[in-house]
Amino acid sequence: MDRTKMNRYLLGCILTFSLLVISPIDAAERDNFEFDAELFDAEMRRGIDLWSVPGTAVTVVTPDDILFSKSYGTTSINGETPVTSQTLVAAASTSKAMAAVAAMLLVDRGLLSLDDKVSDYLPRLQLSVPYATVELTVRDMLAQTVGIGSNEMDLSLYFHDDDVIYKKLANIEFANSFRSQFTYSNTLYYFLGKVITEAAGEDWKTFIHNELWSPIGMDSTYVSKSHAPQDTVALTPHYWNGHEVLENSIFKPLHNLPTNTSGSFWTTLNDMQLWLQFLLNKGRTASGEQLLKPEILSMVFEPQMLIRESLYPVSNFVDSNWHSYGFGWFQQDIDGYKVDYHTGSVYGLTAMLGIDQARGIGYAIYSNRDHAEMRHAMLWHLMDAGDGTVNRDWNNDTRELFREREKSTIAHSKKVHEARVSGTEPSLRLEDYAGVFQSEDGSFILTVETNGEGELKVTDGLLELYFEHWHNDAFATDDIEYLEPIVWIIDFMLDDLNNVKAIDIGHQILHKVEPKD
């Protein structure tokens, strides 16, 4: 690390941990923030056009006012239903911040401590590092300092019962050593809900609804989409196929995932306005009720661990001195102001929240196109323009950054196609590839069947995909609608007798389960 970077890093350390002792900001102490609604609207329209977003909803609030609230486009590219402030949208990983505040309600009531050992609440929870199992605290879960990274465990949270999930967790290798650095993962936030249940003495779903959302007035926020009224208008997911935006039908079932405190919540723009104002008002609702002490809520925004490089490419455009993570919030500075923010992405839908507490500004945006990164561009445009000047073209620079990334994805897809061996035939009859396949720990199970139309139907209990012959004993599908055309390949592995013994999918081996007599 050169001297300049080292100096900035050390300065970041000082700035970050000095923030730990900053008290909540009163209205009289807030710095002035300039907001140009006409310019913001124009930039929103530019972003929508640059990213070909069918529909989006965005708001900018202060503790006591709504500076901007507008919806654009339609819920589906194939329909005419307009997006409104009451359209149901996926909170996705911005759910984590709400789960964190629910935990802090328990801290405020003396029912939970950040330094409580998780094993006291979840004795079944075992990690692959015994020391971490013993020492793991609620703070570790909230601050993402455990060391377990994003991996196949994330999917296991949705497809299996607790017995399988606990078993799977115990075998997951750590990406980083315990408490050594920030390591983003959905896994431990999933178990946070179980800790809340044990500490509250009631199911976390009931607790978060009755003790947090209802007092705030968030009557259209749900722990999952399946909990919303069936006739509720919701955003429909879309993806970019390299040429145009299409409705994403494959992943629609995943929007009804089982409830979890990591990312299953659904909400509306109206409710998010109330949520942001609740946070900006230090835990006071619009009706004047103080749900928890300001100093307890402020702990959610205290930096817990420095991040040497942001997970978000656009954030690196910001000339920041430091990056950190609180409880469900990423953090960095711009023009001397700390910004707390978090994204959410779930199969064709995107979300983002941002807060500048010093200037009393909150931001929320929801869109129905996978990886519509105008969400980042508009956050930083908003925060950059707060002093009356805009220092870069956030929309254009963000779009160009991701165009280069998309080119890389297309190049990878091209290599996959070039590696395809032409003129081959499968070794077996189509029906001989059928069977049930599972990972060694039993947490990942696929069922392969024929569909009578020359394809293999592959299901995992939720998704249903169709694979055609690719080459040799491999079959492929391009039904995975995500950013660009990506081919998923299942390679069938045969034994010495030419029988299928296992499959290789994404370098994960699943062994065939022989039927019991």
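Above this note sits the structure.
Presented here is an overview of the structure given in this document. Small disclaimer: the values here were computed from a predicted structure and weren't measured.

What follows concerns the overall build of the protein. Scanning the protein from terminus to terminus reveals 13 helices and 22 strands. Classification of the 517 residues of the protein by burial places 53% in the buried group. The contacts in the protein between residues at least 6 apart in sequence include a share of 65% that link residues at least 24 apart. If you sum the accessible surface of the protein, you get close to 22,200 Å²; carbon and sulfur atoms cover 48% of it.

By size, the foremost hydrophobic cluster in this structure holds 121 residues, and its most contacted members are L212, W275, Y363 and W380. Examining the composition of this core, we find that eleven residues originate from one element, helix α3 (residues 95-108), more than from any other. Counting 16 residues, the second largest nonpolar core, distinct from the first, contains Y433, V448, F475 and I505.

This part is about the side chain of D271. Structurally, D271 is set in helix α10 (residues 269-280). Buried charge D271 goes without a salt bridge, the closest partner of opposite sign being K225 at 16 Å. A polar side-chain atom of D271 sits 2.8 Å from a polar atom in the side chain of T221. The residues contacting D271, other than those within four sequence positions of it, are G217, M218, D219, S220 and T221.

Here the focus is the sheet that holds strand β10 (residues 337-345). A sheet is described by the order of its strands in space; here eight strands give the open sequence β2-β1-β12-β11-β10-β9-β8-β7, paired in antiparallel fashion. Of all strands in the sheet, those with a lone pairing partner are β2 (66-73) and β7 (305-306), marking the two edges.

The next subject is helix α13 (residues 394-418). Under the 1.5 Å per step criterion, the end-to-end length of α13 is 36 Å for 25 residues, consistent within 8% with the ideal 36 Å. Inspection of α13 places W394, N395, T398, R399, F402, E406 and S413 among the buried residues, and these make up the whole buried set.

All right, on to the pairing of strand β20 (residues 488-494) then. Strand direction decides the pairing type here: strand β17 (residues 474-477) and β20, joined by four bridges, are antiparallel. Pairing of A474 across the sheet is with D491, part of β20. Where β20 lies against strand β21 (residues 500-505), five bridges are found, and the strand directions are antiparallel. Considered in β21, the bridge of D491 is made with D504. Joining the antiparallel neighbours β20 and β21 is a turn of five residues, in which N498 adopts a positive phi near 70 degrees.

We now examine the pairing of strand β15 (residues 456-459). When strand β14 (residues 445-450) meets β15, the two strands line up antiparallel, connected through four bridges. Following the sheet pairing, V448 is matched in β15 by V458. Connecting β14 to the next strand, β15, in antiparallel fashion are five residues, including G452 with a positive phi near 80 degrees. Across four bridges, the pairing between β15 and strand β16 (residues 464-471) is antiparallel. Bridging from a neighbouring strand, L456 pairs with F467 of β16.

Our next topic: the packing of aromatic side chains. The geometry of an aromatic ring pair is captured by the separation of the ring centres together with the interplanar angle, meaning the angle of the planes. Per the stated rule, a full pass over the model turns up 24 aromatic pairs. Ring geometry for Y166 and F191: centres 5.3 Å apart, planes at 50 degrees, overall tilted. Of this pair, Y166 sits in helix α7 (residues 162-171) while F191 sits in helix α8 (residues 187-200), placing them 25 residues apart in sequence. Relative accessible area serves as the criterion here: at 9%, Y166 is assigned to the buried category. Seen from their ring centres, W213 and F265 are 5.1 Å apart, and the 85 degrees between their planes marks the pair as edge-to-face. Of this pair, W213 sits in helix α9 (residues 204-216) while F265 sits in the loop between β5 (245-247) and β6 (266-267); the two residues are 52 residues apart in sequence, bridging distant segments of the chain. Each member of the pair, W213 as well as F265, carries the same accessibility label: buried. Among the aromatic residues, those joined into a ring-pair cluster are F182, Y184, Y312, Y325, F330, Y341 and W380.

Here the focus is the sheet that holds β20. Strand order in the closed barrel formed by eight strands is β13-β14-β15-β16-β17-β20-β21-β22, with antiparallel pairing between adjacent strands. Across the sheet, the mean angle separating the axes of adjacent strands is 30 degrees when strand polarity is ignored. With three bridges joining them, strand β13 (residues 435-438) and strand β22 (residues 508-513) adopt antiparallel strand pairing. Among the inter-strand pairings, V436 is bridged to a residue of β22, identified as V513.

Turning our attention to α7. Note: α-helices contain 3.6 residues per turn, so residues at a spacing of three or four share the same orientation. When α7 is considered as a whole, its buried residues turn out to be I165, Y166, K168 and L169. Angularly, the buried residues of α7 cover 165 degrees about the axis, an arc narrow enough to put them on a single face.

With that settled, consider a nonpolar patch on the surface. A surface patch of nonpolar side chains, about 180 Å² in accessible area, is lined by V436, I445 and V513. Topologically, V513 is positioned in strand β22.

Within the secondary structure, K96 is located in helix α3. Overall, K96 belongs to the buried group, its relative accessible area being 0%. In terms of polar contacts, K96 uses its side chain to reach the side chain of S93, at 3.0 Å. A polar side-chain atom of K96 sits 2.9 Å from the main-chain carbonyl oxygen of S262. With residues up to four places along the chain from it excluded, the contact list for K96 reads Q144, Y184, S185, N186, Y189, T261, S262, Y325, G328 and H342.

Moving on to the pattern of salt bridges. Under the defined criterion, the tally for this structure stands at 20 salt bridges. Between E211 and R109 there is a salt bridge, and its shortest N-O distance comes to 3.0 Å. Here E211, found in helix α9, pairs with R109, found in the loop between α3 and α4 (130-135); they are 102 residues apart in sequence, far enough to count as distant. Here K117 and E135 are joined by a salt bridge, their closest N and O atoms 3.7 Å apart. Taken together, the residues K117 in the loop between α3 and α4 and E135 in helix α4 connect sequence positions 18 residues apart. Overall, the relative accessible area of 27% leaves K117 in the partly exposed class. Among the ionic contacts, a cluster of salt bridges with common partners joins D41, R45 and K70.

Quick notes on the rules
Residues numbered from 1 in each chain as written. Predicted model: local features only at pLDDT ≥ 70, side-chain atom pairs only at ≥ 80, totals over all residues. Heavy atoms only, no water. Helix = DSSP H or I, 4+ residues; strand = E, 2+ residues; numbered from the N terminus. Buried < 20%, exposed > 50% of the residue type's maximum accessible area, 1.4 Å probe, protein only. Contact = heavy atoms within 4.5 Å. Areas by Shrake-Rupley, 256 points an atom, 1.4 Å probe, with all protein chains shown as cover. Core = buried A, V, L, I, M, F, W, Y, C linked by side-chain atoms within 4.5 Å. Lys, Arg positive; Asp, Glu negative; His and termini not counted. Salt bridge = Lys/Arg side-chain N within 4 Å of Asp/Glu carboxyl O. Polar contact = N/O pair within 3.5 Å; in protein donor to acceptor, adjacent residues only side chain to side chain. Pairing = 2+ DSSP bridges. Expected span 1.5 Å × (residues − 1). Phe/Tyr/Trp six-rings, centres within 6.5 Å; stacked < 30°, edge-to-face > 60°. Axes fitted to C-alpha atoms, helices over the stretch in contact; angles between N-to-C directions. Arc of directions from axis to C-beta. Patch = residues over 30% accessible without salt bridge, like charges linked within 9 Å, V, L, I, M, F, W, Y side chains within 5 Å.

The values are spatial; any link to function lies outside them.
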